[in-house]
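Remarks on the overall topology
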Amino acid sequence: MDFNMKKLASDAGVFFTRAVQFTEEKLGQAEKTELDAHFENLLARADGTKNWTEKILRQTEVLLQPNPSARVEEFLYEKLDRKVPSRVTNGELLAQYMIEAANDFGPGTPYGKTLIKVGETERRLGGAERDFIHSASINFLSPLRNFLEGDWRTISKERRILENRRLDLDACKARLKKAKAAEAKAAAEHELRMAQTEFDRQAEVTRLLLEGISSTHVNHLRCLHEFAEAQATYYAQCYQYMLDLQKQLGSSRGEMLPGTFVGNVESTSPPPTTASPTAMAAATGPAVPTIPVVPTVVGAPNSAPTVEGLNPGDVKPPASGTRKARVLYDYQAADSGELSLLADEMITVYSLPGMDPDWLIGERGNQKGKVPVTYLELLS
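Residues numbered from 1 in each chain as written. Predicted model: local features only at pLDDT ≥ 70, side-chain atom pairs only at ≥ 80, totals over all residues. Heavy atoms only, no water.

Next up on the list: the pattern of salt bridges. Under the criterion given, the structure shown has 16 salt bridges. The residue Glu54 makes a salt bridge to Lys50 at a minimum N-O spacing of 3.4 Å. In this pair, Glu54 and Lys50 both sit in helix 2 (residues 37–64), 4 residues apart, roughly one turn of the helix. According to the relative accessible area criterion, Glu54 is partly exposed, its value standing at 24%. The shortest N-O distance in the salt bridge between Arg166 and Asp170 comes to 2.6 Å. Of this pair, Arg166 and Asp170 both sit in helix 5 (residues 110–178), 4 residues apart, roughly one helical turn. The exposure classification of Arg166 matches that of Asp170, with both residues buried. One network of salt bridges, in which partners are shared, links Glu163, Arg166 and Asp170. (Salt bridge = Lys/Arg side-chain N within 4 Å of Asp/Glu carboxyl O. Helix = DSSP H or I, 4+ residues; strand = E, 2+ residues; numbered from the N terminus. Buried < 20%, exposed > 50% of the residue type's maximum accessible area, 1.4 Å probe, protein only.)

Set out below in structure tokens:
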């Protein structure tokens, strides 16, 4: 007990001495040992790494989980060292509602069939989102958290020890200046040498930890590449799923609206990567008016000839209903019945009764063939 009391008194004395030294430095009444420029640069780099890592971590969490209540719940589960419960994504919940609505309205009706198709696609989108969140959490968020909760805490602890060693060193320097008697000076010089040794040793430990920030950057760089790849995979999957859905809806539109022909439908497909800047601007420009087509009589039997396996030489343009169109993106014909397109060229287009509404007949000089309406900007 006596030993503990002496240690407590000693610690209190050291704390008081450091507090006095710190206060006098702030008031400009005592000298302060400055660190070298290289060490200061390491400190600034470490602080910047910590601050930006925190910001990137928080914003990535918001990106992956926009719901703040859900983020708080996940945080509490992690702190309690319990497994975070599986959460249904918004896409999966929407898919559930759509399929339930289809069953209620009748899965055999045109609306019910379409709800099921869209719902299935939303479910696939939700699954892709879940995979992306899982991959990003493991390969990107976890390393950032490990740095902040592991390496950075160690660095912060050693920096606090270094600051205390510096205060002790400067307090010893101040006592040596005030010492008058030879005995007091000798004791102060001994204390100063010991304080200087402790300070130098702690400065070296802290410097090595700060230089390790470079390795942290390398590790975070690798994690960043993995995050970008996971996000690219996620968006590529979403794009492919939506393309598949668009084809399904396009092929079934004639069944949903029997006896009528639907004109040009605005496409939200992102332009190919080979599109020119002009085409990109046109693709994001104002909405294009619906193309006038040659309709069939509503309710009349669908006796129009099929346009599958189109022979361009047998197609004759209608007396009216032709329009000029500007090509938005390059298009490579899939067969002899289609017409290849080059971005920004002008062609003449028209529709035929019973033709798939996602396609038009295009003419360029003596060449003609089917062209996709999503690659065109229809002009007056």
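As a further point, take the environment of Met242. Tracing the sequence through the fold places Met242 in helix 7 (residues 213–256). Given a relative accessible area of 37%, Met242 falls into the partly exposed group. Sequence-wise, Met242 and Glu122 are 120 residues apart; in three dimensions their C-alpha atoms are separated by 9.1 Å. Beyond its immediate sequence surroundings of up to four residues, Met242 is in contact with Thr121 and Leu125. (Contact = heavy atoms within 4.5 Å.)

As a further point, take the nonpolar core. In this structure, Phe39, Phe132, Phe140 and Leu210 are the most contacted members of the largest nonpolar core, which totals 32 residues. Going through the elements one at a time, helix 2, helix 5, helix 6 (182–211) and helix 7 are the ones with two or more residues in this core. Counting residues per element, this core draws most heavily on helix 5, which supplies 14 residues. Apart from residues lying up to four places away in sequence, Phe140 is in contact with Ile56, Thr60, Ser135, Cys223, Leu224 and Phe227. Of all hydrophobic cores here, the second largest spans 17 residues; its members include Ala325, Val327, Tyr331 and Leu339. (Core = buried A, V, L, I, M, F, W, Y, C linked by side-chain atoms within 4.5 Å.)

Once that is clear, we can look at the confidence of the model for the chain. Parts of the model with low pLDDT should not have their predicted coordinates read in detail. Confidence in the prediction of the chain, expressed as mean pLDDT, is 81, and 78% of residues score 70 or more. For the chain, the element scoring lowest by mean pLDDT is helix 8 (residues 277–283), at 44; helix 2 scores highest, at 95. Counting contacts from residues 257–307, a segment whose pLDDT is below 50, to residues more than four positions away or on other chains yields 71 contacts. (pLDDT = per-residue confidence, 0-100.)

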